[in-house]
Amino acid sequence: MILAIESSCDDSAIAIIDRQSLEIVFEGKTSQNDAHKPFGGVVPELAARLHAENLPKLLEGAKPYFLRIKAIAVTNEPGLSVALAEGVVMAQALSLALNKPILPIHHIKGHLYSLFMRSKARFPLSAAMVSGGHTALIEAKDYGNFSQIAVSLDDALGEAFDKAAKMLNLDYPSGAALEKAARSGDENRFDFPLPLKGDPRLAFSFSGLKNSVRLAIEALESAGSLEAQTKADIAASFQKAAIAHLLDKTRRYAQKARPKQMGLIGGASANLILRDRFGALCREFDCEPLFAPLEYCGDNAAMIARAAIEAYDLGLFCDPAAIQIRSRAPFAPPAICI
Ligand code: KG4
Ligand code: ZN
């Protein structure tokens, strides 16, 4: 069995996976949503302090499996460095106490493997990563070989959902709240511009769209207060434009690369409208759409444990003293023109 720790942002999580059956035999997660709610976003120092409190409590539940643990996996990049450090310190301590090796895991690889929680991973794999920290098109040839071929020039899709939700005074955490509000809205009422329309770069941008939402809200507020229906219409129209932009660039990628299978990963991949439209886009290209189970779209330790099985089989162990924490992925290629 492999024990995995995830603490890259605001979810403290520990999971244990059985290497043979892929069964998640233990899983514990403590969300910090309520603590960050008053700030309208994740406060890194607070996240780190709460990881330091939560992780040892979660570890209590994992103790019965300690004798069967063969390795300790931990997310070491990318993420908030002070938050990553809490998980890494726990992994170092466990590695020394149990005399088991460490497997450092890249957070995005965890999301990629969330597509294969109960099945063998299949490559080559293309994926659209949509989270609070990343929006990217990814190509993976195998476990060790993956690259981002398009990234966001500014905000991530999930981050844009969070900011739009904040402007609409919706509940935190915001992406899910915006999707919920949008359900009763008219997505055609506001004609928000499609970002990078006609721009030859294979890249994403959400800051202009966010600004259009802000201007629309300001104009409506100066004429009176925002009614619930108007808020829902703004949420739906924003969601439509954000998804259309993601899929516009993904379509251009698919036209050129003709992937046989394409996954949708990251916290925002829990959005049902996005899943639906992404699936339809894949089918246009005879490409199989892959989705993670809804409970494994957001950050979790089970996906880190799943990725760690591959790292274990490849022998990618690391000395506890040598593990490095990197807040940003080492690659951030320029936008590619197609
Ligand atoms: O993968 P994740 O849990 O953490 C990061 O690695 O960033 O993704 C969190 C992001 C947040 O921005 C959140 O608002 C967004 O995913 N999100 C959603 C939905 N659920 C979560 N965005 C749009 N629609 C949703 N239903
Ligand atoms: Zn994530």
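Residues numbered from 1 in each chain as written. Chains lettered and ligands numbered in written order. Predicted model: local features only at pLDDT ≥ 70, side-chain atom pairs only at ≥ 80, totals over all residues. Heavy atoms only, no water.

Draft legend 1. Spatial organisation of helix α2 (residues 44-62). Between its first and last C-alpha, α2 extends 26 Å over 19 residues, near the 27 Å set by a 1.5 Å rise per residue. For α2, the complete set of buried residues consists of Leu46, Ala47, Ala48, Leu50, His51, Asn54, Leu55, Leu58, Leu59 and Ala62. Residues of α2 that are buried sit in contact with β1 (2-6), β2 (11-17), β3 (24-31), α1 (33-36) and α3 (81-98). (Helix = DSSP H or I, 4+ residues; strand = E, 2+ residues; numbered from the N terminus. Expected span 1.5 Å × (residues − 1). Buried < 20%, exposed > 50% of the residue type's maximum accessible area, 1.4 Å probe, protein only. Contact = heavy atoms within 4.5 Å.)

Draft legend 2. Here's a closer look at the nonpolar core. Counting residues in hydrophobic clusters, the biggest one holds 44 residues, and the most contacted among them are Leu137, Leu157, Leu178, Phe192, Ile234 and Phe238. For this core, the secondary structure elements donating two or more residues are β6 (125-130), β8 (145-151), α5 (157-167), α6 (174-182), α7 (207-222), α8 (228-257), β10 (261-265) and α9 (272-284). In terms of residue count, α8 provides more of this core than any other element does, eleven residues in total. For leucine 157, the contacting residues outside a window of four places in its chain are Val130, Ser131, Thr135, Phe206, Ala242, Leu246 and Ala268. Grouped together as the second largest cluster of nonpolar side chains are 39 residues, Ile105, Leu290, Tyr296 and Ala308 included. (Core = buried A, V, L, I, M, F, W, Y, C linked by side-chain atoms within 4.5 Å.)

Draft legend 3. View of the packing of aromatic side chains. The tally for this structure, following the rule as stated, stands at eight aromatic pairs. Aromatic side chains tyrosine 113 and phenylalanine 123 sit 6.2 Å apart centroid to centroid with 55 degrees between the ring planes, which places their arrangement in the tilted category. Pair noted here: tyrosine 113 is in helix α4 (residues 107-113) and phenylalanine 123 is in the loop between α4 and β6, with a separation of ten residues, a long-range link. Ring centres of tyrosine 312 and phenylalanine 317 lie 5.4 Å apart, and the angle between their planes is 90 degrees; on these two criteria the pair is classed as edge-to-face. Here tyrosine 312 falls in the buried class, since its relative accessible area comes to 19%. Phenylalanine 317 sits in the partly exposed class, given a relative accessible area of 38%. Clustering of aromatic rings is evident, with ring pairs tying together Tyr113, Phe116, Phe123 and Tyr143. (Phe/Tyr/Trp six-rings, centres within 6.5 Å; stacked < 30°, edge-to-face > 60°.)

Draft legend 4. The arrangement of the pairing of strand β5 (residues 102-106) in detail. A large share of β5 lies buried, amounting to four of its five residues. Where strand β4 (residues 71-77) and β5 come together, five bridges link them in parallel fashion. From the neighbouring strand, valine 74 faces β5, where its bridge partner is proline 104. Handedness of the crossover joining β4 and β5 through α3: right-handed. (Pairing = 2+ DSSP bridges. Right-handed = clockwise from strand over helix to strand, strands pointing away.)

Draft legend 5. Examining the packing of α2 against α3 more closely. Contact pair α2 / α3: the axes reach a minimum separation of 7 Å and the direction vectors enclose 30 degrees. With respect to each other, α2 and α3 are oriented roughly parallel. The two elements α2 and α3 meet at a crossing, and its hand is right-handed. Packed against α2, whose contacting residues are Pro44, Glu45, Ala48, His51, Ala52, Leu55, Pro56 and Leu59, the element α3 presents Val82, Ala83, Glu86, Gly87, Met90 and Leu94 at the interface. For the contact of α2 with α3, the residue count by class is ten nonpolar, two polar and two charged. (Axes fitted to C-alpha atoms, helices over the stretch in contact; angles between N-to-C directions. Parallel < 35°, antiparallel > 145°, perpendicular 65-115°, else oblique. Left-handed = near helix turned anticlockwise from the far one by under 90°. Nonpolar A, V, L, I, M, F, W, Y, C, P; charged D, E, K, R; others polar.)

Draft legend 6. Quick look at the site of ligand 1. Around ligand 1, the structure places 18 residues, and the nearest of them are Gly132, Asp162, Glu179, Gly267 and Asp299. Note that a nitrogen atom of ligand 1 is positioned 2.7 Å from one of the side-chain N or O atoms of glutamate 179. Protein burial of ligand 1: of its 550 Å² of free accessible surface, 85% is covered by the chains. Of all elements in the fold, only α4, α5 and α6 reach the threshold of two or more residues within the shell around ligand 1. Looking at which element gives the most residues to the shell around ligand 1, the answer is α5, with four residues. Shared between two domains, the shell around ligand 1 holds at least three residues of each, these being domain 1 (2-117 + 296-332) and domain 2 (125-291). (Near = heavy atom within 4 Å. Polar contact = N/O pair within 3.5 Å; in protein donor to acceptor, adjacent residues only side chain to side chain. Areas by Shrake-Rupley, 256 points an atom, 1.4 Å probe, with all protein chains shown as cover. Domains from an automatic or database assignment.)

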